[in-house]
Amino acid sequence: MFGGVRFGGTLTIDEAYADGFDHIALCAGAGRPTVLDIPNGFARGVRAASDFLMALQLTGAAKRESIANLQIRLPVVVIGGGLTAIDTATESLAYYAVQVDKFLTRYEALGEEPPAWNAEERAIAQEFLAHARALRKAQPAERLALLKSWGGATIAYRRRLVDSPSYTLNHEEVEKALEEGIVFAEGLTPTRIEVDTYGHAQAVKFTAGDKEVELPARSVLIAAGTQPNTVLAREEGVSLALDGKYFLASDETGAPVRPERHTAKPSQPQVLLHRYADGRYMSFFGDLHPSYFGNVVKAMGSAKQGYPTVSRVLAARSPASSENDERFLGRLNRDLRAVVHEVRRLTPRIVEVVLRAPVAARRFHPGQFYRLQNFESLALRVPGTTLAMEGLALTGAWVDKERGLISVIALEMGGSADLLAYLAPGEPVVLMGPTGTPTEIPGNETVVLAGGGLGNAVLFSIGRALRAAGSKVIYFAGYKEMADRYRVDDIEASSDVVIWCCDEAPGFAPRRPRDRAFVGNIVQAMHAYASGGLGAQPIPFSAADRVIAIGSDRMMAAVALARHDVLAPYLKKDHIAIGSINSPMQCMMKEICAQCLQPHVDPATGKTSYVFSCFNQDQPLDQVDFGALAQRLAQNGAQEKLTALWIGRCLKQLPPPAERKAA
Ligand SMILES: Cc1cc2nc3c(=O)[nH]c(=O)nc-3n(C[C@H](O)[C@H](O)[C@H](O)COP(=O)(O)OP(=O)(O)OC[C@H]3O[C@@H](n4cnc5c(N)ncnc54)[C@H](O)[C@@H]3O)c2cc1C
Ligand code: FES
């Protein structure tokens, strides 16, 4: 078993076959949770059920010793009527008690409040602390009544309970949920989410026949169904055909067939989906398959019924690889498993981690990113806390494809990223990816790059690729403090002209005659350069065909706006403007957990659409709803800031990390 290998990202069909695999069985399950397209459908407090359940179990928030953040407030309203809705409602109520108790335990042990809490976060913290104290005082038999008095968890379904898939599939589970205190509200179709003055969800409005009903809700969890995970059909380097919402199946001659839909025991199991030119096949099972979609028993049944077909197509040709098992597995172990190569400190708050992961390095294109985590079993521990990271989304800074090395650069902002400095050379890690979409690299354009702080870790590989493709690069590299700058050589090499910007005086001294420096923010620097305030322009700003901004959401929002305001007189009307959108992310597997969903508003029609940022991080600046992005980034705010203090406290109990060079 190799973890962190995303099929379609780390490995493609062609590469798997070229590597000597004889068959590919796709068991990628379901994905693409249904989005609730109603006003404020993405307000803070609203999450996909998949996002919630994954954060709870896989990322580990349910564990007392975990540092994973997952902030849930009562009342909870779950929208849907299937078994996922039942799980989500029961789990959210059970988790709430664990969450607030963990919050109180850490708050008391710290003996201080996070200074970064804003007024809303302080109020949420007070709510959690009061609830935790009340739960601690209560007898076990009184706890459910308390949870219900704070709003409890309600499932809102558009039809009657007896019509719901949860009831028809497994009425015992519904009965148990009701025993656990879950309320099932029938006949409710959601129409809008109401928000408070902070923009946080506070109620859901429904139509119930010809009436309007409002349920108070601080957490709204959407369990309105998922689709088979056919995202592979839309990936670069993969060519799979679809038949409706499923992959197109094929028979043993490679001709298309249509398997029976939704039957656990089809008269003929059709599990093949693609015939490669040389006669090798792919097959599909479980939730991906139109016959077997729906539950674990059917998923296992698909394997039982499908394996004779796979055995037959395997027997029909000789093995693709002549390597023996030892050599074959040795090669996979070397190429697919990620280990830490080196950890370097770049600035007092910025760390570079170099990883050895040959296949993941080979597949990288500028702009793409990885999910990095340490193994929970290898994580550092202090009493009561396991320092297992939440998955960190880290863009590749550079790769050395020959040596199989990948560099990622992270800002230690409090939280899981602070653990990177403690990784040890040789330590196995989970590195999933590359994921996201390669940044479009045009030739023969003039491109303005705007990098804010850590964004510069990403931009220099994009700048280098742009120049190699024949484009000219004007690079605005912005920093808050002078100590934040790193990799100056790389930034110079990736640009035709650099404008070094820093909020802190006296600012930087450019090393090359054509470069400039500016004290102030990046938008002011662009204006100063464009208007001639920094002297002659080695490449005129007005020649820009494209602007690529990477930095904080606020910095990108400012660049987006300035293009229509102070910078408008200096920019071509039809220039392209792209931002690398740093939505909150969890699985980064493309359309699975839905934590990364980002609303876009079409500037011409005002119509809202939703994109998965982990599928494509590069988004048109004029369409990104930056207000919604800021709201979603603050989803776990009160908890995240307390956890950051907590991690700091844990790290003080450990010896400081030494700068560790590769062995
Ligand atoms: C909340 C919830 C509760 C459920 N409760 C029950 C229950 O009580 N009983 C029951 O029988 N069924 C239940 N089900 C349904 C059951 O979980 C699924 O039917 C079953 O897991 C399907 O198995 P699978 O192997 O097809 O897919 P999954 O179990 O979903 O496994 C798919 C795997 O593929 C990975 N993957 C996805 N894309 C890629 C890629 N590109 N490359 C590499 N890996 C990839 C995913 O990360 C995942 O690990 C529940 C489902 C949900 C969501
Ligand atoms: S779908 Fe999980 S982060 Fe994008």
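Quick notes on the rules
Residues numbered from 1 in each chain as written. Chains lettered and ligands numbered in written order. Predicted model: local features only at pLDDT ≥ 70, side-chain atom pairs only at ≥ 80, totals over all residues. Helix = DSSP H or I, 4+ residues; strand = E, 2+ residues; numbered from the N terminus. Rg over C-alpha atoms; globule rule 2.2 N^0.38 Å. Buried ≥ 20, exposed ≤ 12 C-beta atoms within 10 Å, placed from the backbone. Contact = placed C-beta atoms within 7 Å. Domains from an automatic or database assignment. Nonpolar A, V, L, I, M, F, W, Y, C, P; charged D, E, K, R; others polar. Near = placed C-beta within 6 Å. Core = buried A, V, L, I, M, F, W, Y, C linked by C-beta atoms within 7 Å. Pairing = 2+ DSSP bridges. Axes fitted to C-alpha atoms, helices over the stretch in contact; angles between N-to-C directions.

K.L.:
Quick question: what am I supposed to make of the overall build of the chain here?
P.N.:
When helices and strands are counted, the chain shows 15 helices and 34 strands. Taking 26 Å as the expected radius of gyration for a compact globule of 663 residues, we find that the chain reaches 26 Å, a close match to that expectation. For the C-alpha atoms alone, the extent of the chain along its principal axes is close to 75 × 70 × 55 Å. For the chain, with 663 residues in total, the buried portion stands at 46%. In the chain, once contacts between residues fewer than 6 apart in sequence are set aside, the share between residues at least 24 apart is 71%.

K.L.:
For this particular structure, what's the right way to read the environment of A94?
P.N.:
Mapped onto the secondary structure, A94 falls in helix α3 (residues 83-110). We classify A94 as partly exposed; it has 15 C-beta atoms within 10 Å. Measuring from C-alpha to C-alpha, the distance between A94 and L144 comes to 9.5 Å, with 50 residues separating the pair along the chain.

K.L.:
Can you walk me through the domain arrangement of the chain in this structure?
P.N.:
Accessible area lost upon the coming together of the parts is a frequently used measure of interface size. When the domains of the chain are assigned, the result is domain 1 (1-19 + 321-438 + 648-663), domain 2 (22-31 + 228-315), domain 3 (35-224) and domain 4 (446-582 + 617-624). Once you take the C-alpha centre of each, domain 1 and domain 2 turn out to be 32 Å apart. The interface is formed by 7 residues belonging to domain 1 together with 7 residues belonging to domain 2. Its residues placed into classes, the side of domain 1 that touches domain 2 shows 4 nonpolar, 2 polar and 1 charged.

K.L.:
What exactly am I supposed to notice about the site of ligand 1 here?
P.N.:
Around ligand 1, 21 residues are found, and the nearest of them are F7, G29, G286, N295 and V296. Secondary structure elements with two or more residues in the shell around ligand 1: α3 and α7 (296-315). Across the shell around ligand 1, the residue classes tally to 11 nonpolar, 7 polar and 3 charged.

K.L.:
Got a minute to help me understand the nonpolar core in this structure?
P.N.:
Taken as a class, soluble globular proteins show a tendency for nonpolar side chains to be buried jointly. In terms of nonpolar packing, the biggest core is built from 160 residues, with V76, V78, A89, V220, L449, F476 and V559 touching the most fellow members. The leading source of residues in this core is α3, at 9 residues. In contact with L449, not counting residues within four places along its chain, are L459, I462, G463, V473, Y475, F476 and I548. L26, V271, L272 and Y292 belong to the second largest nonpolar core, which has 15 residues in total.

K.L.:
Can you help me understand the environment of N521 in this one?
P.N.:
Its place among the elements puts N521 in the loop between β29 (516-519) and α12 (522-530). Once the C-alpha coordinates of N521 and F284 are considered, the two residues, 237 residues apart in sequence, prove to be 52 Å apart. In this view, N521 contacts G478, C501 and D503; residues no more than four positions away in its chain are not counted.

K.L.:
What is the right way to look at the sheet that holds strand β17 (residues 281-284) in this model?
P.N.:
In any sheet, the strands associate via hydrogen bonds between backbone groups, in a parallel or an antiparallel arrangement. Strand order in the open sheet made by the 3 strands is β1-β17-β16, with mixed pairing throughout. Both edges of this open sheet fall to β1 (23-26) and β16 (272-275), since each of them pairs with a single strand only. Recorded for the sheet is a direction-independent mean angle of 20° between the axes of neighbouring strands. Pairing analysis gives 3 bridges linking β16 to β17, with the strands arranged antiparallel. Paired with R275 across the two strands is Y281, which belongs to β17.

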